[in-house]
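Architecture at a glance
Given next are the chains, with one letter for each unit.
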Amino acid sequence: MRLRVHTIIFEADTRAGRAFDLALLVAILVSVSVVIMDSVERIAARYGDLLEALEWFFTLLFTVEYAARLWCVRQPARYARSFFGIVDLLAFLPSYLVLLFPHAVAFQGIRVLRLLRIFRILKLGAYITEYRALGRALRGSARKILIFLSVVLMAVLLLGTAMYVVEGPENGYTSIPTAVYWAIVTMTTVGYGDLTPHTDLGKLIASVMMLLGWGILAVPTGIVTAEMTARRFNRPPTTRTCHECLSEGHESDARFCKDCGALLPEYTHD
């Protein structure tokens, strides 16, 4: 029974597993919609009872789902400490915290606890294959992106400092951090307009930064796209999940986990 439940909840190569994922996706989207509507005063005043009933329905649903996940894995504590384990806990915990602390000193504290339920949207990442593929590509290109960001940081620091020297406090560049803030806003092509260069040299530097911004914004996209293209030919063929370390993507004929070496259960699919 535990193996069957694990296959349904953690994998998506069976009809039951795909149906579970689809049902949970709908539940997540509807529950997040309930939280959003509850924050609109006019809607909450008219449909408050219905929204509260729906909220508790989803709270109980996600509680049962979380308990089922803990029950069917071999190391519940490991799952509970994982990223998606924490996300699953946040999906229902705020509702219970509101019950435990009904007389909090500040209403704002209760409101924050209630709004934490919006983190349910993070559960989507566990049930959509494209999310997983993007996550693997981001992890694979993290080092390149980090190096790229360090280069950008050096560029905005140097050019921001140059603008501080060229423009000076009299034109609004009162400190190097302020000038660096302007450099970041300019290079990312946001352009708030609260700080603008007045000297010809300052305008030249700003023009160079704006042109650099167009090229810089394309670099991370290219890095991630290249990583996704490289992984396309080595895409994990299944959603088989190890019961010990919860890693997924094992070959259909694999006998042992490629990450921890644990014995894998027989592959089930239809």
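Residues numbered from 1 in each chain as written. Predicted model: local features only at pLDDT ≥ 70, side-chain atom pairs only at ≥ 80, totals over all residues. Heavy atoms only, no water.

Overview of the nonpolar core
Applied cut-off: In plain words, nonpolar cores are sets of buried Ala, Val, Leu, Ile, Met, Phe, Trp, Tyr and Cys residues tied together by side-chain atoms within 4.5 Å. Throughout this description, buried means an accessible area under 20% of the type-specific maximum (1.4 Å probe, protein chains only), exposed means over 50%, and partly exposed covers the range between. Each helix is a run of H or I in the DSSP string that is no shorter than four residues. Each strand is a run of E no shorter than two, and both are numbered from the N terminus.
Counting 17 residues, the largest nonpolar core has Phe10, Ile28, Phe58, Phe62, Cys72, Val73 and Tyr79 as its most contacted members. Elements represented by at least two residues in this core include exactly α1 (2-10), α2 (15-38) and α3 (41-72). Core analysis: the second largest hydrophobic core is formed by 15 residues, Val156, Val180, Trp182 and Ile205 among them.

Section: the confidence of the model for the protein chain
Stated formally: Per residue, pLDDT captures the predictor's confidence, and it can take any value from 0 to 100. Should any heavy atoms of two residues lie within 4.5 Å, those residues are counted as being in contact.
When pLDDT is averaged across the protein chain, the result is 80; 83% of the residues are at 70 or more. This model gives residues 104-111 a pLDDT under 50, and the stretch forms 3 contacts once residues within four places in sequence are excluded.

Considerations on the state of the cysteines
Selection rule: Any cysteine sulfur atom paired with another within 2.5 Å is treated as part of a disulfide.
Under the defined criterion, the tally for this structure stands at 0 disulfides. There is no disulfide at Cys245, and the cysteine sulfur nearest it, in Cys257, is 3.5 Å away. Assessed through its relative accessible area of 16%, Cys245 is described here as buried. The thiol of Cys260 is unpaired, and the distance to the nearest cysteine sulfur, on Cys242, comes to 3.6 Å.

Section: the pattern of salt bridges
The criterion, for reference: The salt bridge definition used is simple: a Lys or Arg side-chain nitrogen within 4 Å of an Asp or Glu carboxyl oxygen.
A full pass over the atoms with the stated rule returns 2 salt bridges. With its nearest N and O atoms 2.8 Å apart, the salt bridge here joins Glu65 to Arg69. On the criterion of helical spacing, the pair formed by Glu65 and Arg69 is a turn pair, its members being 4 residues apart in helix α3. Comparing Glu65 with Arg69, the two get one shared label, buried.

Focus on α2
Inclusion rule: To estimate the expected span of a helix, count its residues, drop one, and scale the result by 1.5 Å.
Compared with an ideal rise of 1.5 Å per residue, which puts 24 residues at 34 Å, α2 spans 34 Å between its outermost C-alpha atoms and is within 8% of the ideal. Three or more residues of α2 are buried, namely Gly17, Asp21, Leu24, Leu25, Ala27, Ile28, Ser31, Val32, Val34 and Val35. If you follow the buried residues of α2, they end up packed against α1 and α3.

Some thoughts on the packing of α3 against helix α6 (residues 93-100)
How two helices sit against one another is set out by the angle between their axes and by the gap between those axes. For clarity, the cut-off: Throughout, an axis means a line fitted to C-alpha atoms (over the contacting stretch in the case of helices), and angles, computed between N-to-C directions, take values from 0 to 180 degrees. Note on residue classes: Ala, Val, Leu, Ile, Met, Phe, Trp, Tyr, Cys and Pro are nonpolar, Asp, Glu, Lys and Arg are charged, and everything else, Gly too, is polar.
Relative orientation of the contacting elements α3 and α6 amounts to 115°, with a least axis distance of 9 Å. Residues Glu55, Trp56, Thr59, Leu60 and Thr63 of α3 lie in contact with α6, whose contacting residues are Ser95, Tyr96 and Leu99. Of the residues assigned to the contact of α3 with α6, the class counts are 4 nonpolar, 3 polar and 1 charged.

What to know about α3
Here is the rule we go by: Bend at a given residue is defined as the angle between two axes, one fitted to the seven residues that end at that position and one fitted to the seven that begin there.
Of all the bends in α3, the greatest, near 85°, is centred on Tyr47. What α3 keeps buried is the set Leu51, Glu55, Phe58, Thr59, Phe62, Glu65, Tyr66, Arg69 and Cys72. Along its buried surface, α3 packs onto α1, α2, α4 (76-81), α5 (83-90) and α6.

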